[in-house]
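Report on the structure
Letter by letter, the chains look like this.
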Amino acid sequence: MADKNHSQFQHLYFVLTGIPGLEQKYYWMALPLGATYIIALFGNAVLISTIKSESSLHIPMYHFLSMLALADMGLALCTMPSMLGIFWFNYKSIAFDACLVQMYFIHTFSAIESGVLVAMAFDRVVAIWNPLQYSTILTSGVVCRIGAVILTRAVCVVFPVPFLIKRLPFYGSNLLSHSFCLHQDVMRLACASTRVNSLYGLTAVIFTKGSDSLSILFSYVFILRTVMAIASGEGRLKALNTCVSHICAVLIFYVPLIGVSVIHRFGKHLSPLTHALMANTYLLVPPVLNPMVYTVKTKEIRRKLIKMFVPTKITVEG
């Protein structure tokens, strides 16, 4: 009978949480938060624009970087409405269905980013292991197929998640722990067994981020073995230097991700502030820092930024 009446007691909305304990300072945090989103969106847009306009960057490594920038922009755009709504207007409600949509896109873009990082690791393996055949192995067609596989995997793996949540009854607390909707956070509010959701969520994480992290690890083991076989120290250093940006991107993505996963499963005793800060770091740091890392390491991108912000003198000959 309870199952029959679930729809009568289903929440129409959830209540989002900003940063517990700092509610009185939201007014002062609104401007830095808005600036953070502008930096994330602008930085990734500049990456994509530069790669598109600079013919010297029309190589697989930078095509994958464009995919990473698109995933970062997607993550930023997914969280921006609810985050700015809380900190700018103190609007904390989100409709049940809107929460499911936001949850779907957050997890989808996160899975896409993880897959792109694997593709970039494979790119570095080919470039270091067999540089002469690099353009032959990673053709434009191969890069497009890899991108299609990454997108299809993310869309299909995350697709059941909103429906698994939709079937659950919610008539207890409707207060979420974060400023956006995550599967684990919404699932814990359900008033029924979440065993299926937990099993599927764990399987999805293992299939995407778990297998991806292992693939990246094995890729770098192979890269290190290949680099150690290079005779000259200068050659080894040059080969490893091509991997620095990617290693930074991997750490920027996976360290906060692991932190959020560990806290959700084993850190229930920790303060709500810790949970909120870790979740915000997980979704905000990669879109902000990735463009900075690749700008520092890519002279063509640095040149484009200089042209944009440093006015050039126009000389007129009489």
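By the naming in an unreviewed UniProt entry, the chain goes by G-protein coupled receptors family 1 profile domain-containing protein and is assigned to Catagonus wagneri. The heading Subcellular location (unreviewed entry) in the UniProt record of the chain holds the text "Membrane". Database annotation for the chain, UniProt heading Function (unreviewed entry): "Putative odorant or sperm cell receptor."

1. Remarks on the nonpolar core
Ranked by size, the top nonpolar core spans 74 residues in total, and within it Phe14, Leu117, Ile165, Phe170 and Val186 carry the most contacts. The biggest single contributor to this core is helix H4 (residues 96-129), with 15 residues. Setting aside its immediate chain neighbours within four residues, Leu117 contacts Leu68, Ile216, His246, Ala249, Val250, Phe253 and Tyr254.

2. Observations regarding unusual backbone geometry
One non-glycine residue, Asn90, adopts positive backbone phi at about 55°. Structurally, Asn90 is set in the loop between helix H3 (60-89) and strand E2 (93-95).

3. So, a nonpolar patch on the surface
Together, Ile38, Phe42, Ile306, Met308, Phe309 and Val310 make up a nonpolar patch on the protein surface, roughly 610 Å² of accessible area in all. The set of elements that each furnish at least two residues to the nonpolar patch consists of helix H2 (26-53) and helix H13 (299-309). At 3 residues, the largest contribution of residues to the nonpolar patch is made by H13. By secondary structure assignment, the location of Phe42 is in helix H2.

What counts, and where the lines are drawn
- Residue positions are counted from 1 within each chain, in the order its sequence is given.
- Per-residue local features of the predicted model are confined to residues with pLDDT of at least 70, and side-chain atom pairs are confined, for both listing and counting, to 80 or more; whole-chain, interface and lining totals are unaffected and use all residues.
- To get the side-chain values, take all heavy atoms of the structure and skip hydrogens and water.
- UniProt positions are given in the numbering used here, feature names are shortened, and annotations may be inferred rather than shown by experiment.
- For our purposes a nonpolar core is just a set of buried Ala, Val, Leu, Ile, Met, Phe, Trp, Tyr and Cys residues, chained together by side-chain atoms within 4.5 Å.
- For each residue, the accessible area found with a 1.4 Å probe, counting protein chains only, is set against the maximum for its type, and the residue is called buried under 20%, exposed over 50%, and partly exposed in between.
- Numbered from the N terminus, helices here are DSSP runs of H or I no shorter than four residues, and strands are runs of E no shorter than two.
- Here, two residues are considered to be in contact whenever any of their heavy atoms come within 4.5 Å of each other.
- In this analysis, a patch consists of residues with relative accessible area above 30% that form no salt bridge, clustered at 9 Å for like charges and at 5 Å for the nonpolar side chains Val, Leu, Ile, Met, Phe, Trp and Tyr.
- Accessible surface area values rest on a Shrake-Rupley calculation with a 1.4 Å probe, where residue burial reflects the displayed protein chains alone.
- Here, a salt bridge means any Lys or Arg side-chain nitrogen found within 4 Å of an Asp or Glu carboxyl oxygen.

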